[in-house]
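# Analysis of the macromolecular model
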Number of protein chains: 2
Amino acid sequence: MTGGSSEGKPDGAETSVRARILSQEQRLTASEKRVCEVLLSDYPMAGMQSITKLAELSCVSSPTVIRMARKLGYEGFPELQNALRDEVADRIKAPALKRDARGGDGHVLHRFADALIGNLTRSLERMDTAMFDEVAELLADTSRHAYFLGGRITGANAAYFHNHMQIIRTGVTLLDQGPSVWPHYLLDMGERSVLVLFDIRRYEKDLLRLAELAQGRGATIVLFTDQWGSPIAQVARHVFHLQVEAPSNWDSTTAILAVVEALIAEVQAKRWDESQERLEELEAMFSSTRVFRSGG
Amino acid sequence: MTGGSSEGKPDGAETSVRARILSQEQRLTASEKRVCEVLLSDYPMAGMQSITKLAELSCVSSPTVIRMARKLGYEGFPELQNALRDEVADRIKAPALKRDARGGDGHVLHRFADALIGNLTRSLERMDTAMFDEVAELLADTSRHAYFLGGRITGANAAYFHNHMQIIRTGVTLLDQGPSVWPHYLLDMGERSVLVLFDIRRYEKDLLRLAELAQGRGATIVLFTDQWGSPIAQVARHVFHLQVEAPSNWDSTTAILAVVEALIAEVQAKRWDESQERLEELEAMFSSTRVFRSGG
DNA sequence: TCTAGTTTGTAACTATTGCTACAAGCGGAG
DNA sequence: CTCCGCTTGTAGCAATAGTTACAAACTAGA
């Protein structure tokens, strides 16, 4: 006992609850030890319930639990519980969000990257992998013509998707010439057409009109949109809801691009043989003849 | 809401809280979704605090949280919290389940996402934040004309970058018409020109030629390339080396897009007032007159 | 045995939590 | 524009959590 000044005092806020229990145990009374016993036997979840439950479980009264918490260096029971929760959080936290813990000094770039990783993770969480597979199947089917179109911001995504699909398979078209010529393409759309649309906020009326008309002609619509959902979702067969928020005035299309790239990979894998041939032909044209690149 | 019997009712007690959120999300109202958002963004620890704290964190009132819990199939908030605690207990108990947070069953999509997150993280680790700031400064300076150009795959990145910069500032040009017309642009390039190039493997000779000529005329070259580095790096003033490998036959430009978006955000922030004006003007043109959208 | 000190539980109190009832706000249909 | 239904927050309520004060019970030393 004695009054030794700092002999065994628990640290300010550094050590874990378990460590404090182990180091302070000899200072505790019998019933207090019983509480620790219970706590350690189902650590740390036993401490995540109410003080009353924990007291009952330990066959002591609630004030005993409080006294123990105090001797461990906490203000009261809630504080001990918070400490416990933080420990759990640390143990739960996946590799992804670890950044803020280490080097992440808070440069814009790092905060931005964290947000994008979060977007990607959360987008994936809520995505239906079965739907992903169906869409890949749909796009791998060359008996269906595929049309691609994006909005002001997502136009680049559409172009990127089209660009790759064009290399992999035949029968793809990019609608990049403005609404006035869309009707021409609509003429050819039917039951065996796939229309891949990109529409994030602010949603564009023209795209909705096009989607409605295409659906009316029996086309299958695949939509890439944000977490809130473009109105086009109403007429689309498959909808990818992707997180687009970023610490910026602009929405981020990174998650969209990620899924697009995954789809490209999957479609390519499904059509390995055919696309390989096609690629070789293309390479041949690029390297031997220089017709289309007119190398300067 | 009516009393639709079992249309989309959550299961008795089988499913996880996350699963219930995802399956019931479309039934929830806007504020209720906000709560789910917060809960998922720091799952499951965000739900381990008191209902009041969670409500505050989600910027809604506590009754909203209760209503959400009910719609998810729980009696009240404490029951939801118990479910959450059980999940945590499970996860803590078995550290064997290393497969991270989102029950990743190893679907292609998840493996792909893991790779992309890895790319982004590793790209960021080796990036010089000072260089990032310099480039942002460079692009925020309207006394310098900025040119954008990408290759076969990265063309979409260049277009995306240009598209946003065009909204934010004046004096930007996208070189998208093929090598034969590049010389025309070269005529205007000089000391106060910035040439933003994208070149990942396989590197394109034409781009290198252009870069050399531009450098000869005194232009500042900013290059986005892969981890191995395009030969253009030799003549570039600033080089972003980004990881592009993915479980695919194609390289991934996700990390590139991420940095581009971060740059857009940063430049926009630097030129807040001017770009704001510009944006308003643009919005006005879009909404009042419909000249350029010819609404179908 | 008595007494001083410690340990522990009981009971009462307060703060907070989780919940209900209601009314203001909002948006779409007629 | 009005009305209706849905959404949301405010205010109040009951229950419970955490805490305090105090007294009973136990321990140990004389």
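In every chain, residue numbers begin from 1 and rise along the written sequence. Chain letters start at A and ligand numbers start at 1, both assigned in the order the entries are written. Restriction of local features to residues with pLDDT of at least 70 applies here, the model being predicted, together with a cutoff of 80 or more for giving and counting side-chain atom pairs; totals for whole chains, interfaces and linings are based on all residues. Each side-chain value is worked out from all heavy atoms of the structure, with water and hydrogens disregarded.

### Here's the deal with the protein's contact with DNA strand C
- With respect to spatial proximity, 19 residues lie near DNA strand C, and among them A:T29, A:S31, A:T64, B:I51 and B:F77 are the closest.
- What qualifies as a polar contact is a pair of N or O atoms within 3.5 Å, subject to a donor-acceptor requirement within protein and to the restriction that residues adjacent in sequence count only when both atoms come from side chains. A distance of 3.0 Å separates a phosphate oxygen of DNA strand C from a polar atom in the side chain of A:T64.
- Contacts to DNA strand C include B:I51, whose backbone N or O atom sits 2.5 Å from a phosphate oxygen.
- Here a strand is any run of E in DSSP of at least two residues, a helix any run of H or I of at least four, and the numbering for each starts at the N terminus. Residue assignment for the surface near DNA strand C shows that the elements contributing at least two residues are helix 2 (30-41) and helix 4 (62-71) of chain A together with helix 3 (51-58), helix 4 (62-71) and helix 5 (77-93) of chain B.
- Considering every element that reaches the surface near DNA strand C, the biggest residue donor is helix 4 of chain B, with four residues.
- Broken down by class, the residue content of the surface near DNA strand C amounts to nine nonpolar, eight polar and two charged. Whether a residue is near a molecule or strand is decided by its heavy atoms; if any one of them lies within 4 Å of it, the residue is near. The nonpolar class holds Ala, Val, Leu, Ile, Met, Phe, Trp, Tyr, Cys and Pro. Asp, Glu, Lys and Arg form the charged class, and all remaining residues, Gly among them, are polar.

### What about helix 1 (residues 17-24) of chain A?
Residue and element names in this part refer to chain A.
- Classification of residues uses two cut-offs on accessible area relative to the type maximum, computed with a 1.4 Å probe and protein chains only: under 20% is buried, over 50% is exposed, and between them is partly exposed. For helix 1, the full list of buried residues reads V17, R20, I21 and Q24. All buried residues of helix 1 fall inside an arc of 100 degrees around its axis, so they share one side.
- The criterion used for residue contact is that any of the two residues' heavy atoms lie within 4.5 Å. Where helix 1 is buried, its residues meet helix 2, helix 4 and helix 5 (77-92). Directions from the helix axis toward the C-beta atoms define the arc.

### Comments concerning the confidence of the model for chain A
Residues and elements named next belong to chain A.
- A residue's pLDDT is the confidence the predictor assigns to it, expressed on a 0 to 100 scale. The share of residues in chain A with pLDDT of 70 or more is 86%, and the mean pLDDT across the chain is 84.
- Averaged pLDDT values for the elements of chain A fall to 73 in helix 12 (residues 272-287) and rise to 98 in strand 1 (residues 145-149).
- Counted against residues more than four places away or in other chains, residues 1-13, with its pLDDT under 50, gives 12 contacts.
- Confidence drops under pLDDT 50 across residues 289-296; counting only partners more than four residues distant or on other chains, this segment forms nine contacts.

### A word on the layout of surface pockets
- As a volume, the second largest pocket reaches approximately 890 Å³.
- Along its surface, the second largest pocket is lined by 24 residues, and A:R126, A:Q227, A:H241, A:Q243 and B:E25 are the ones closest to its centre.
- Looking at the lining of the second largest pocket, the elements that each hand over two or more residues are helix 6 (108-125) and strand 5 (238-242) of chain A together with helix 1 (17-24) and helix 2 (30-41) of chain B.
- It is helix 2 of chain B that contributes the most residues to the lining of the second largest pocket, five residues altogether.
- A breakdown of the residues in the lining of the second largest pocket according to their chemical character gives seven nonpolar, eight polar and nine charged. Buriedness for pockets is judged along seven lines, at least five of which must meet protein on both sides within 12 Å for an open set on the 1 Å grid over protein atoms alone, while cavities are sets there where a 1.4 Å probe fits but cannot get out, and lining residues have an atom within 4 Å of a point. Grid points are joined across faces, edges and corners, and a volume is the space filled by probe spheres set on the points.

### With respect to the environment of A:L279
- Examined against the element boundaries, A:L279 turns out to sit in helix 12.
- A sequence separation of 112 residues divides A:L279 from A:I167, and the C-alpha atoms of the two residues are 6.5 Å apart.
- Apart from residues lying up to four places away in sequence, A:L279 is in contact with A:I167 and B:W250.

### Side note on the side chain of A:R20
- Position of A:R20 relative to the elements: it lies in helix 1.
- For the buried A:R20, no salt bridge is present, and the opposite-charge side chain at shortest range is A:E79, 6.0 Å distant. We count Lys and Arg on the positive side and Asp and Glu on the negative side, and we leave His and both chain ends out. Within this document, salt bridges are pairs made up of a side-chain nitrogen of Lys or Arg and a carboxyl oxygen of Asp or Glu, the two lying within 4 Å of each other.

### Some remarks on the packing of helix 2 of chain A against helix 3 (residues 51-58) of chain A
All names here are of chain A.
- Note on definitions: angles span 0 to 180 degrees between N-to-C directions of axes, and those axes are lines fitted to C-alpha atoms, for helices only across the stretch in contact. It is at 9 Å that the axes of helix 2 and helix 3 come closest, and there the two elements cross at 105 degrees. The angle between helix 2 and helix 3 falls in the class roughly perpendicular. The segment helix 2 lies against helix 3, with R34, V35 and V38 engaging L54, L57 and S58.
- Residues that form the contact of helix 2 with helix 3 fall into these classes: four nonpolar, one polar and one charged. Under this scheme an angle from 65 to 115 degrees is roughly perpendicular, one under 35 degrees roughly parallel, and one over 145 degrees roughly antiparallel; angles in between are oblique.

### Section: the sheet that holds strand 4 (residues 220-226) of chain A
All names here are of chain A.
- The strand order across the open sheet formed by five strands is 2-1-3-4-5, and the pairing between neighbours is parallel. Bordering the open sheet on either side are strand 2 (172-174) and strand 5, each of which pairs with just one other strand. Along the sheet, successive strands turn relative to each other by an average axial angle of 15 degrees, direction set aside.
- Two strands qualify as a pair provided DSSP detects at least 2 bridges between them. Pairing geometry for strand 4 and strand 5, over five bridges, is parallel. When the bridges of strand 5 are listed, F224 appears paired with F240.

### Observations regarding the side chain of B:Q268
- Inspection of the secondary structure puts B:Q268 in helix 11 (residues 254-270).
- With residues up to four places along the chain from it excluded, the contact list for B:Q268 reads A:N249, A:W250, B:I168 and B:S275.

### Focus: the interface of chain A and chain B
- Facing the 71 residues of chain A at the interface are 74 residues of chain B.
- By buried area we mean the combined loss of accessible area, with a 1.4 Å probe, across both parts when two parts are placed together. Overall, the association of chain A and chain B removes approximately 6500 Å² of surface from exposure, summing both partners, and the carbon and sulfur fraction of that is 62%.
- Seen at the junction of chain A and chain B, the total is three salt bridges.
- Note that A:E125 is salt-bridged to B:R18, the shortest N-O span being 3.5 Å.
- Linking chain A to chain B there are 17 residue pairs in polar contact (both at pLDDT 80 or more).
- For the side of chain A that touches chain B, the elements supplying multiple residues, two or more each, are helix 5, helix 6, helix 7 (129-140), helix 8 (155-168), helix 10 (205-216), helix 11 (254-270) and helix 12 of chain A.

### Things to note about the pattern of salt bridges
- Tallied over the full model, the rule gives 15 salt bridges over all chains.
- Of the charged contacts, one joins A:R144 and A:D141 as a salt bridge, the two residues approaching to 3.2 Å between their closest N and O atoms.
- Between B:R192 and B:D141 there is a salt bridge whose closest N-O contact spans 3.3 Å. Taken as a pair, B:R192 in the loop between helix 9 (182-186) and strand 3 (193-199) and B:D141 in the loop between helix 7 (129-140) and strand 1 (145-149) lie far apart in primary sequence, 51 residues in all.
- What you see here is one network of salt bridges that share partners, running through A:R126, B:E25 and B:E37.

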